[in-house]
Number of protein chains: 2
Amino acid sequence: MNIALLCIGDELLKGSTINTNLAFLGSRLLEIGIYPELSLEIRDRKEDIRTALDYAFSRTDTVLVSGGLGPTADDLTKEGVAEWFGVPMIRRPEAEQAIRNYWKNRHSGCAPVHWIRQAEIPEGAEILPNGFGSAPGIHLERGGKSVFLLPGPPLELQPMFERSVLPRLKEHLDNPVQTALFRIVGVGESEIEDLLEPHLNPEISAAYCASPGMVKLFLTTRNRKELERCTDAVGSLFRENVLPPGITSLPQDVLRLLAERRLFLATAESCTGGLIAGQLTAVPGSSETFLGGVVSYANELKMRFLGVSQKTLETEGAVSRKCAQEMVEGIAAKTGADAAISVTGIAGPGGGSAEKPVGLVYIGVKLHARTTLLECHFQGGRTQIRERMATKALHLLRSMLMESAE
Amino acid sequence: MNIALLCIGDELLKGSTINTNLAFLGSRLLEIGIYPELSLEIRDRKEDIRTALDYAFSRTDTVLVSGGLGPTADDLTKEGVAEWFGVPMIRRPEAEQAIRNYWKNRHSGCAPVHWIRQAEIPEGAEILPNGFGSAPGIHLERGGKSVFLLPGPPLELQPMFERSVLPRLKEHLDNPVQTALFRIVGVGESEIEDLLEPHLNPEISAAYCASPGMVKLFLTTRNRKELERCTDAVGSLFRENVLPPGITSLPQDVLRLLAERRLFLATAESCTGGLIAGQLTAVPGSSETFLGGVVSYANELKMRFLGVSQKTLETEGAVSRKCAQEMVEGIAAKTGADAAISVTGIAGPGGGSAEKPVGLVYIGVKLHARTTLLECHFQGGRTQIRERMATKALHLLRSMLMESAE
């Protein structure tokens, strides 16, 4: 089975919507060992849908289409696909009923005509129920060519893909692929690649996906023994770096480690300006473990809220090891937290000097009575530098938590 | 001129990298009145590059290619394009010199052979200098078909596009299109559409791009008079909502309005957990205006850092109008800020009740002596709800700043 992705919608080409469906579908497919051959973004025009299907089916036998299933005039996906397959559109009573019910639960009066139009489906197609929107999904298979039509909004596409598409794709995998996914923190992609390489062979392959603070490693094979062997190798190579199952990010893992030890965390951020607190509180349930913190951008706030001494600010400056230490000890003392993080540095583009260049940062992490201080230099633009600072600080706390368990 | 985009790289199809180049190129092209016909993501294989160019050039005359220009073995873009055009690769001394210089400034010793390979360019091509990386860009034009090859990393692609591609595309626009871009805050996309519709006609068209907290409106026409007329209409319809030129986000505009009035800002965030501070400090130079703030996730921090009274927490609860008021007045008093924001609510998915459901939030904004309190209800997942809360709070402060100027 070879798969192409076809994303339909003017908004993708005018830059107003980033195509996150491509990233979602790509990574989910990779997890079952399927690597999409190509992806296309096209405009809401029937002519474009036809030529795109020509091209996609010249390279593949299965196309996942997203977008253009809604009730408005520019939603032409179903008609375009039906024409390409040479089948008529027919109204399906069960789809019509589902749409009327969907409308009734959210609006008053009867569903308008253009809404009911969503119940028109290419003849011979299977309906994929939409639990989160009005437009039904569609699966059509003819002459060895298979197409899945999915709604564009990720909140509708993702559950429909999991429930109705993934199981059907798996049925078609001749010799079911065995895969394993590892989320690795604190090691770079190329280092993982170098260390893992001796353990691979033509029977088992590895793919890497790097995102800020984490590398996803996928192992793919048709041989269960190989998968077990390689999983053991990953476990011993990266014992401290692999996140446990169900944990999908570094901040989530830090919160898990803290919660296991019944510890409370607080933060004192200068140059990251709330980024670390924002990442921690993005995790549901973080309020059980994260007390909060201070964004001490101005020096007066460092003194007032954290007890940083005026002398330190005058003699060493706000971007200094001493200031990071006073910040982390201050926030721990003021909040009673067991663990604390402080960050003070220069994110740029302005504010740097020869002595203290853009990218310089001091990180403090306090765990119980022990305080660790780190000086780092990061490259990149303001956004990247701030992200790397935040990641480094969370990594340091994670390492100290892991050590403290031993 | 018709344009297609072709993005090359395995990482785009396996979901590890979101294709932000597509969104960048799409929105920049739209600003000069060009609407890409289609976009493609393909893998790093010469065969794929060839069939993708067949398809793209069957629909368009200009293709912007990104990715696969680097020094490693899977960088095959130049070879694939040269083969498609039927021209040989030749080593260009000026490109080789630039690469050797790039290496020398960053590493010791001589540049390795595979790096120098980047100086091999399709015959007859023009070199586009890369100010931020080693791989040169390329422009090749033959038989009415034009291709631009750009490096994949956005930090290299974006400046090269602005400096070397955009001016060349503009030369080819037969009847130059006139465009205007407006960034509108505090009004939804459909409301803008409804209000603007009577002012449009076949000579002038509007395109909308909505992102959290802002809608970008593009006007496109070949008639300068029409553009002036419509620009005036936008100005009078959305006088308070259009951001001034050069201001690209709501947090940046809030900081601008504060700086103009020489006011200082502080924040007290509960459920948004640092998101507002993070958005403000993402703006370069924010340290001139933003003092910092407190992320008071736990009630003890609300009391200790902000002076929220125990009585309020016991009788009204942390998610209450009274708590929002004490938070905003507390942070202003403790920091001496002229303006302050507070947010306390339930971001979900847990923590809601019949009386105080997920999505409920109280926002406080203090400007000088005046405090405004707002109760809002937001829908969506945790991430969306937190983003909407942050946007609403910044909007409220912006409105109060605009009013105070009158």
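A short tour of the structure in this document, coming up. Quantities reported herein were computed from a predicted structural model and do not represent experimental measurements. (Residues numbered from 1 in each chain as written. Chains lettered and ligands numbered in written order. Predicted model: local features only at pLDDT ≥ 70, side-chain atom pairs only at ≥ 80, totals over all residues. Heavy atoms only, no water.)

Looking at helix α5 (residues 93-104) of chain A
Item 1. A rise of 1.5 Å per residue sets the reference length of α5(A), with its 12 residues, at 16 Å; its end C-alpha atoms lie 16 Å apart and thus fit the reference within 8%.
Item 2. On its buried face, α5(A) sits against β4 (89-91), α6 (113-116) and β6 (126-128) of chain A. (Helix = DSSP H or I, 4+ residues; strand = E, 2+ residues; numbered from the N terminus. Expected span 1.5 Å × (residues − 1). Contact = heavy atoms within 4.5 Å.)

Things to note about the interface of chain B and chain A
Buried accessible area, meaning the area lost when the parts come together, often serves as the stated size of an interface.
Item 1. Counting from both sides, the interface comprises 65 residues of chain B and, opposite them, 64 residues of chain A.
Item 2. Between chain B and chain A, roughly 5300 Å² of surface is buried when both sides are summed, and carbon and sulfur atoms account for 57% of that area.
Item 3. It is L13(B), K14(B) and Y35(B) that lose the most area in chain B upon contact with chain A, and together they represent 13% of the buried surface on that side.
Item 4. A salt bridge links R59(B) to D48(A), with the nearest nitrogen and oxygen atoms 3.5 Å apart.
Item 5. In this assembly, chain B and chain A are joined by 30 residue pairs in polar contact (both at pLDDT 80 or more).
Item 6. Residue composition of the side of chain B that touches chain A, grouped by class: 32 nonpolar, 19 polar and 14 charged. (Buried area = accessible area lost by both parts, 1.4 Å probe. Salt bridge = Lys/Arg side-chain N within 4 Å of Asp/Glu carboxyl O. Polar contact = N/O pair within 3.5 Å; in protein donor to acceptor, adjacent residues only side chain to side chain. Nonpolar A, V, L, I, M, F, W, Y, C, P; charged D, E, K, R; others polar.)

A look at the sheet that holds strand β9 (residues 178-184) of chain B
All names here are of chain B.
Item 1. Strand order in the open sheet formed by three strands is β9-β11-β10, with antiparallel pairing between adjacent strands. Two strands lie at the open edges of the sheet, namely β9 and β10 (204-211), each paired on one side alone. The sheet shows a mean angle of 15 degrees between the axes of neighbouring strands, direction not considered.
Item 2. Sheet contacts for helix α2 (residues 20-31): β9, β10 and β11 (214-221); angle to β11, the most-contacted strand, approximately 45 degrees. (Pairing = 2+ DSSP bridges. Axes fitted to C-alpha atoms, helices over the stretch in contact; angles between N-to-C directions.)

Comments concerning the pattern of salt bridges
Item 1. By the definition in use, this model includes 44 salt bridges over all chains.
Item 2. One salt bridge in this structure joins E403(A) and R370(A), with 3.4 Å as the shortest N-O distance. A residue pair is termed long-range when its members are at least 10 positions apart, and E403(A) in helix α15 (residues 382-404) and R370(A) in strand β16 (residues 370-377) qualify at 33 residues.
Item 3. Of the charged contacts, one joins E83(B) and K46(B) as a salt bridge, the two residues approaching to 3.1 Å between their closest N and O atoms. Within this pair, whereas E83(B) is found in helix α4 (residues 77-85), its partner K46(B) is found in helix α3 (residues 46-59), the two being separated by 37 residues in sequence.

Observations regarding the relation of the copies chain B and chain A
Item 1. Mapping chain B onto chain A calls for a screw motion: a turn of 180 degrees about the axis and a shift of 0.4 Å along it, with 0.5 Å RMSD after fitting. The transformation relating the two chain copies, once decomposed into turn and shift, fits a two-fold axis.
Item 2. Mapped onto chain A, 98% of the interface residues of chain B are again interface residues, and the two copies thus contact each other with one and the same surface. (Least-squares fit on C-alpha atoms with pLDDT ≥ 70 in both.)

Here's the deal with a negative patch on the surface
Item 1. Negative charge collects at one region of the surface, where E189(A), E191(A), E193(A), D194(A) and E197(A) lie side by side.
Item 2. Relative to the helices and strands, E197(A) resides in the loop between α8 (189-196) and β10 (204-211). (Patch = residues over 30% accessible without salt bridge, like charges linked within 9 Å, V, L, I, M, F, W, Y side chains within 5 Å. Areas by Shrake-Rupley, 256 points an atom, 1.4 Å probe, with all protein chains shown as cover. Lys, Arg positive; Asp, Glu negative; His and termini not counted. Charge placed at Lys NZ, Arg CZ, Asp CG, Glu CD.)

A word on the sheet that holds strand β2 (residues 38-42) of chain B
Item 1. Taken together, the 12 strands give an open sheet; going across it, the order is β6(A)-β7(A)-β8(A)-β3(A)-β1(A)-β2(A)-β2(B)-β1(B)-β3(B)-β8(B)-β7(B)-β6(B), and neighbouring strands pair in mixed fashion. If you trace the sheet from one side to the other, it starts and ends with β6 of chain A together with β6 (126-128) of chain B, each paired once. Across this sheet, the average inter-strand angle for adjacent strands is 15 degrees, counted without regard to direction.
Item 2. Across five bridges, strand β7 (residues 137-142) of chain B lies against strand β8 (residues 145-150) of chain B in antiparallel orientation. Its bridge partner being in β8(B), R142(B) is matched across the sheet by K145(B).
Item 3. Contacts from helix α3 (residues 46-59) of chain A reach β1 (3-8), β2 (38-42), β3 (62-66) and β8 (145-150) of chain A together with β2 of chain B, with the element oriented near 175 degrees to β2(A).

Here we look at unusual backbone geometry
Item 1. Cis geometry marks the peptide bond from G348(A) to P349(A), where omega comes out at 0 degrees.
Item 2. Following the sequence through the fold, P349(A) ends up in the loop between β14 (339-345) and β15 (360-367).
Item 3. Backbone geometry at H368(A) places phi at a positive 50 degrees, although glycine is not the residue there.
Item 4. Relative to the helices and strands, H368(A) resides in the loop between β15 and β16.
Item 5. You will see that R262(B), though not glycine, has its phi angle at about 55 degrees, which is positive.
Item 6. Along the chain, R262(B) turns up in the loop between α10 (250-260) and β12 (265-269).
Item 7. On the basis of relative accessible area, R262(B) is assigned to the exposed category, the value being 74%. (Buried < 20%, exposed > 50% of the residue type's maximum accessible area, 1.4 Å probe, protein only.)

Some points on the pairing of β16(A)
Item 1. As paired strands, β15(A) and β16(A) are joined by eight bridges and run antiparallel to one another. Considered in β16(A), the bridge of G364(A) is made with L373(A).

Examining the packing of α10(B) against helix α15 (residues 382-404) of chain B
Residues and elements named next belong to chain B.
Item 1. Two elements in contact, α10 and α15, have axes whose closest approach is 10 Å; the angle formed by their N-to-C orientations is 30 degrees. As the angle between them shows, α10 and α15 are arranged roughly parallel. Once α10 is placed against α15, the crossing between them reads as left-handed. Every residue of α15 that contacts α10 at L250, P251, D253, V254, L257 and L258 is listed here: T391, L394, H395, L397, R398, L401 and M402.
Item 2. Its residues placed into classes, the contact of α10 with α15 shows nine nonpolar, two polar and two charged. (Parallel < 35°, antiparallel > 145°, perpendicular 65-115°, else oblique. Left-handed = near helix turned anticlockwise from the far one by under 90°.)

What to know about the packing of α3(A) against α3(B)
Item 1. At a closest axis distance of 11 Å, the pairing of α3(A) and α3(B) adopts a crossing angle of 160 degrees. Our classification of the angle between α3(A) and α3(B) gives roughly antiparallel. Here the hand of the crossing between α3(A) and α3(B) comes out right-handed. For the pair formed by α3(A) and α3(B), the contact residues are E47(A), D48(A), T51(A), A52(A), Y55(A) and R59(A) on the first element and E47(B), D48(B), T51(B), A52(B), Y55(B) and R59(B) on the second.
Item 2. Of the residues that constitute the contact of α3(A) with α3(B), the class distribution is four nonpolar, two polar and six charged.

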